[in-house]
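Fold and contact review
Now for the letters of each chain:
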Amino acid sequence: MEIQNCNNSLPTPTSRRDFLRQTGMSMGTIAFGTMVADYMVNPAKAEISATLKPRQAPLPAKAKHVIHIFAGGAPSHLDTFDYKPGMKAYAEKSQGGGGGVLFPTPFEFKKSGKSGLEISEIFPKLQEQADEMCVIRSLHSDLPAHGPAAKLMHTGSAILTKPCLGSWVLYGLGTESQDLPGFVSLGGGAEGRQSAFLPSIFQGAKTSFRPGAPSNKVIANLQSEFTTEEAQRKQLDLVHQLNERHMQTVQKDEQLEARIESFELAFRMQTAATDAFDISKESQKTRDMYGKSDLGAKLLCARRLVERGVRFVQVDAGGWDHHTNIFTSATRTGAAIDTPAAALIADLKQRGLLDQTLIIWGGEFGRTPTTAGRVNQNSGRDHHSKAFCCWMAGGGVKGGMHYGETDEIGSQVAADGVDIHDLHATILRLLGFDHTKLTYRYNGRDFRLTDNFGKVVNKVIA
Amino acid sequence: MHASVPRLAFLAVLGVVRLAAAETAPEPTKEGLEFFEKNVRPILSEHCYKCHSAAESSAKGGLILDSRDGMLKGGDEGPSVVPGNLAKSMLIRAVTYTDNELQMPPKKSGGKISDAKIKVLEDWIKMGAPAPVGAGNKLTGLSEKARGHWAYQPVVKPAVPEVKNKAWVHNPVDAFILAKLEAAGLQPNPSTNPESLLRRLHYDLVGLPPAADKVHAFSMQYAAAVNVDAASAQRGTPATAVDALIAKEVDELLSSPHYGERWGRHWLDTARYSDTRGLAVDQGNSLFEDYRYAYAWTYRNYVIDAFNGDKPYDQFIVEQLAADRLPDLKKEDPRLAALGFITVGKRFDNKDDTIDERIDTTSKAFLGLTVSCARCHDHKFDPIPMADYYSLHGVFASTIEPLQRPVISTPDSVAQRADFEKRLKALQEESAAGYYEYNREMRARYNREMAGRLVATTFKRGSAEWGDVNERYKLETPLPDFEAMRVQIDSPITGPFARCAAIPVAEFAERAPAVIAAALADKKRPVNALIAAALRDLKPKTIDDVAMAYQKVYNDSKESILAHIARCAKPGHSSKETPAAIAQLASYPWPLPDVEDILDNEELISMFNSRKFCNDWQNRPIYGGQNNRAPARHFRFTQINELRLTHPGVPREAMAVTDAETPRDSYVYLRGDKNKRGPVAPRQFLDILTVGPRKPFTEGSGRLELAKAIASKENPLTARVAMNRLWMKHFGEGFVSTPDDLGNMSEKPTHPELLDWLASEFTANGWSLKRMHRLIMTSSTYRLDSNPNVNPLVVKKAALDPLKVDAGNRLFWRANLHRLDFEAIRDSMLKLTGKLSPVVGGQPANITDEPYSYRRSIYGYVDRLRLSDTLSQFDYADPDMANSKRGSTIVPQQALFFMNNPLSVEVARAVAARPEVAKAMSEDSRINAMFLAIFQRRATSNEIRWASDFLSRERTLVNEAKRAVASGKPASGAAKGTAKGKATAAKEKDPKAPTTVAKDTTKPATGAKDSPAMKDGNESMMEAKTAGGAEGVLQNVGDMVSRNPLTPIELLAHALLLSNEFVYVN
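Read on for a plain summary of the structure. Every residue gets a number counted from 1 within its own chain, in the order that chain's sequence is written. Chain letters start at A and ligand numbers start at 1, both assigned in the order the entries are written. Under the rules for a predicted model, residues below a pLDDT of 70 receive no local features and side-chain atom pairs below 80 are neither given nor counted, while totals for whole chains, interfaces and linings still include all residues. Based on all heavy atoms of the structure, the side-chain values leave hydrogens and waters out of the count.

1. Quick look at the interface of chain A and chain B
- At the interface, 76 residues of chain A touch 97 residues of chain B.
- Interface area, chain A with chain B, both sides summed: about 7500 Å², of which 57% is carbon and sulfur.
- A 1.4 Å probe defines the accessible area here, and the buried area is the portion of it lost by two parts on being joined, summed over both. Looking only at chain A, the three residues that lose the most surface to chain B are A:Asn221, A:Phe226 and A:Arg259, adding up to 11% of its buried area.
- Here a salt bridge means any side-chain nitrogen of Lys or Arg lying within 4 Å of a carboxyl oxygen belonging to Asp or Glu. Our count for the chain A to chain B interface comes out at 5 salt bridges.
- For A:Glu225, the salt bridge identified is with B:Arg1043, shortest N-O distance 3.1 Å.
- N or O atoms closer than or at 3.5 Å make up a polar contact, with two conditions inside protein: a donor-capable atom paired with an acceptor-capable one, and, for residues adjacent in sequence, both atoms drawn from side chains. Inspection of the chain A/chain B interface yields 23 residue pairs in polar contact (both at pLDDT 80 or more). Residue contacts follow a heavy-atom distance rule, with two residues in contact if any of their heavy atoms lie within 4.5 Å.

As structure tokens, then:
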């Protein structure tokens, strides 16, 4: 409102900015800087440029948003979603080759839902959502070390600094949220939000979201500690007057207009983000549904963000590195995510958002079928990357199914192996991209999330 | 292979006459290629490429079938296709399933292909197997075409072109630019106004705005000079007054020490400068090593000095690659710091990755070549075979970092030096003491549990029996968190145990005495006297008895061992006082050197990293979960590094390299796999850039020879790459838009002749960068107005619209408007606080977090693993690899930075507190004073009106708040819940009173050349500290910005900072 008043005092009331606002395209003016030159020199590349304007994916797809719940530390596939009842007979038997003795899961599994998907008892609530979930049991990689494997899972590269999944998605699709960052990271390492060589507008916004913490401090510099919003509004009105004059003396220019728009966006973001991160605005019933834990708050927050048009939410849900005492540890870590994740699926579904929101849960690798020494309460599992699992839900994924098989002890992939590039290719496909065509030219090479690899697992796509 | 084969029917149809001597005729015929593409490739594509294709980057068995080279070379088992010879072509053997061992495609991938398809393949081989030479139908970098790329051709100085509008040409640069414009029917913009020009000159060369009075003076001089020139023109004499004025300004700026700070930073982008290694703390050997580089900043300071001193660019190259090999090297030679170019890059656990990083940076930075692409295969686009990559690999593999870094200078202040030494010594002693302390702790645990740990070694790790040891010996920290001992047959301690362990359990009691006796009698492997005494008459029934005997020896000697450890730990005391047998016991499983031997931090670190140490210690006591970092709490490696990073009294050390004692050529790693050795690649320069006969390097690693080959006038790339970057930084875009890649994947240069002319000028005149700046900046081209609407064609509304013909301004018909980079923005803001530090050089500071540093941004601490969000939001160069071009994105987070960050608030307060603002006689002059400070110009009458309206509105708000408080109702601002609770405090203040800023403004405001720069090291105290520990980031010493609410005047100053004018150069 104030803007229009301010414009009325200027000789050119119809600015490009107003036009864009009226047509709801204002995001398009933001953030094109570097790429402008590329556009002009190489129009062929202009299909996807460095803007956050929402874009139609080239292929038909349902998923429009992603919530990636990263279960860092590497959850044991054998105690969660890859049931090996046959192992009971071989408890404490030596396994050929590696050290340790076979360690059958101490947990009961249940054939859940109509589909009968096997889910461990550590996830009683998720068992109820089985028919929405698609478990991939045949993930595999060569990296049983947390750091590189987590990088690989997030960026498709274990060593080099490459853009993460969320950055690629934002680059490909832009964002629908007018007043919020298009890619929000709710905790986790830099590899989960870095845009690397992609322009920095595609980087995940770092947040310090915690339940109970003031929501206006979740993003750095989100609100002023020095003045009121009203005073700031008047500042911006003055700034617009100065900027209009500046533009008249210098030149009319897209960059200048984009920067003007960015202040309006920032101003709206002060309120919008503060509101989006304020989960106390949810009904008691909804908050109870997600539970009182940190993860409950994070996933509820993720839903609020997605609902507001945020493209990609990265959630850190680690703590799975159970070398010892897996019985108590996995029970505890599992419980922490069970209620929130089940609530997220149910909540998105009841709001009609599940179809367009892809939820991904998984870690960087799995754990050994063996334990060191005897099988008892203290038993744990070591790192194992030759076979592990993840699950997806919503976003056009087929629910109530599993894909891929491991051998009888869950040590190796037995059929339909899916490597990390395949997983990435599939995620991109669910969002409407051919992973071989979503490229970005950098230093003389067209880079992709999937490098030179990756094949889409079509069978998990509904 | 040269046997001719019968012509085939379909060849006759195609009219092809071709013999199968394919290898002698590498270029297949068009028809042959057509046959391949139409008939053969579909088969290969459907059935083979998934596993054997360069394009798919899959080469199972080493075989690649999408190129002729790949097929002829074949895989690990030999050639796949022998043109004309079906019997020898493994491809045919595989697809016909005639060989049980070789059946392709494999059954699980669809099995045998149809006979018709086999027939096609057979026909094709018979006709000589024509196929594209390179990878698929993609360009191969090894083709003649790729070699013919313009950038690999010698630089030949072109003639300066003739132009119509001669008057516009001030120097040859203009002639080249104008010639292209005239050819396109375009005209250059008129010159910009003197104010914009001066701003451009200053930001370009020193990264700071000119002072307001300077702007005023320059405008006056400029106007006068224009008049002089006009008069000259009338007289028909050359008009030189404006040129002279600009040249004088350029010269002054070039001689400012801040020039090096500006252009040094550009180079640091290229050199991927960072203060950290980039390895996560919990990865690799960094467990005992800080993740920061203590001395990266000495390289940064070298770069600044090099630019300020206009070091010839060829020397600059040679010093960065091989300063240690210079013939005239002196003691404490400051040039050694240049070698940081090699060492400040990202580190990897794998040595080859670190070497790769160095090859990548070297080739991109100096040559604009992506040599690293040839690590696993020949370069796909540029003429760089794998062997060339490994030629450079050998050079860097033969380059090592000395344990003792050379000192290049010591700070002048004796007091600072002494303070540093004192602190360093204290930390080193703590660290050394930590070693013994850790040893004592571990000793105590082993004394309790030695028997169990020894017995555990006799079982397979992880087995059930192995696990039972936990129970049997009641181990405090169960296996596997606390591991087994290390047992070796040749150890004086564990030798006898190792021999006993080899006895089968059933025969143990019977055979053990003899085995022990034999062990004790072995002269070649003498056994520790105390162990020997304990074992001599032992009649062990089981291996456990032996283990218990060991534990008893250790327990009986406990006091002596601890006394020995204490003696080792004390300087000046000799461990030789300890009886030899005790000393030997004490040194198992960890070495126990005298404290003098490990006092030096590097010694200690290198010991920790040595293979022997790792073997002895086996890393096991520290393995497992939370124990991982147990030793770290005893050591002070991190703090020692921090001290070096931050203490002004630290002797400056160079992050130097030196040549390995025996430099070696590297093998080609087939497909980049270290375990698959190909031929040896002699250390030598890249083939494509070698002028004259190519000779292997002979001096040491070959770095100096490599450097000289790069820094050669004959090298077609070096000068071009440098000039393209120089132009890019002045004009916002280079002739080639990818400054670090001038290879085949780059766009054609917009002005190849000008690029070559500049490159020739550059090398012919001593590689002086300052000379080239001067040349470019005194051209007419540099002076152009940026506004497209003032272009003569636009003004005339001519049919030819430059905005349509050349919207991207690649022909440089106008100046490019551009946003300042982060450094220029922050430095300009600091300048406004009056506290910008004029010190050139020095140690790193935190440039993004409170408490704020007032050092220029080039001195910012750069953590490549955790690059500050503020920096990346403002398009800071990714420090993981050479990145000479900054992005210029616009994101709301940048706006939030200006609106809400405390730094911008502090700047606003400082501006409002300036005497000319605070003590202004009227509102108008107050507003004017603020405009002068921030924009270096007076406010227009409109602006004064807008600003006063703003002030009165803000004051009304404050008054509302006052009244609201008086009446107990919340003010409107606070009512929204966004007033941050402090708004009401504003009412206490007289809005007109100057607010005190958080820190004293002790230092005067300094412009580019307003005050002489102080020299490195003159400051009296540490400017930064670190929070310590693994995650500790650098923290400045200083005050936080006051959280008092902004007054209306401050809000006005703050608003001006948000404006476009503040951050754009036009």
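2. Quick look at unusual backbone geometry
Residues and elements named next belong to chain B.
- That bond from Met104 to Pro105 is cis: its omega, -10°, falls within 30 degrees of zero.
- In this structure, Pro851 follows Glu850 across a cis peptide bond, with omega equal to -10°.
- A run of DSSP states H or I qualifies as a helix once it reaches four residues; a run of E qualifies as a strand once it reaches two. Both are numbered from the N-terminal end. Of note, Pro851 is situated in the loop between helix 35 (822–833) and helix 36 (869–873).

3. Section: the side chain of A:Ser329
Residues and elements named next belong to chain A.
- The residue Ser329 is located in helix 11 (residues 326–350) in this model.
- Only protein chains enter the accessibility calculation, which uses a 1.4 Å probe; a residue is then buried when its area is under 20% of its type maximum, exposed when over 50%, and partly exposed in between. Judged by relative accessible area, which is 9%, Ser329 ranks as buried.
- Separated by 2.8 Å, the side chain of Ser329 and the backbone oxygen of Asn325 make a polar contact.
- Not counting residues up to four positions away in its chain, the partners in contact with Ser329 are His322 and Thr324.

4. A short note on the packing of aromatic side chains
Residues and elements named next belong to chain B.
- Planes of paired rings set the category: under 30 degrees apart is stacked, over 60 is edge-to-face and the rest tilted, where pairs are Phe, Tyr or Trp rings (Trp by its six-membered ring) whose centres lie within 6.5 Å. Summed over the entire model, instances satisfying the criterion amount to 48 aromatic pairs over all chains.
- Between Phe176 and Trp757, the ring centres sit 5.9 Å apart and the planes meet at 45°, which makes this aromatic pair tilted. A residue pair is termed long-range when its members are at least 10 positions apart, and Phe176 in helix 7 (residues 172–183) and Trp757 in helix 31 (residues 752–764) qualify at 581 residues. As far as burial versus exposure is concerned, Phe176 and Trp757 are alike and both buried.
- Ring centres 6.3 Å apart and planes at 85° place the aromatic pair Trp267 and Tyr313 in the edge-to-face group.

5. Overview of the pattern of salt bridges
- For the structure shown, the criterion picks out 97 salt bridges over all chains.
- Of the charged contacts, one joins B:Asp269 and B:Arg265 as a salt bridge, the two residues approaching to 2.8 Å between their closest N and O atoms. One end of the pair, B:Asp269, and the other, B:Arg265, are both in helix 11 (residues 257–270), 4 residues apart, so they sit about a helical turn from each other. Like B:Arg265, B:Asp269 is buried.
- Members of the salt-bridge network, linked through shared partners, are A:Asp275, A:Lys281, A:Glu282, A:Arg303, A:Arg304, A:Glu307, A:Arg308, A:Asp347 and A:Arg351.

6. Topic: the pairing of strand 8 (residues 312–316) of chain A
Residue and element names in this part refer to chain A.
- Counting buried positions along strand 8 yields 4 of 5 residues, so the element is predominantly enclosed.
- Being paired, for any two strands, means DSSP has found at least two bridges between them. Examined bridge by bridge, strand 1 (residues 65–70) and strand 8 share 5 bridges and lie parallel to one another. Bridge pairing in strand 8 places His68 opposite Gln314.
- Bridging between strand 6 (residues 183–186) and strand 8 involves 4 bridges; their strand directions are parallel.

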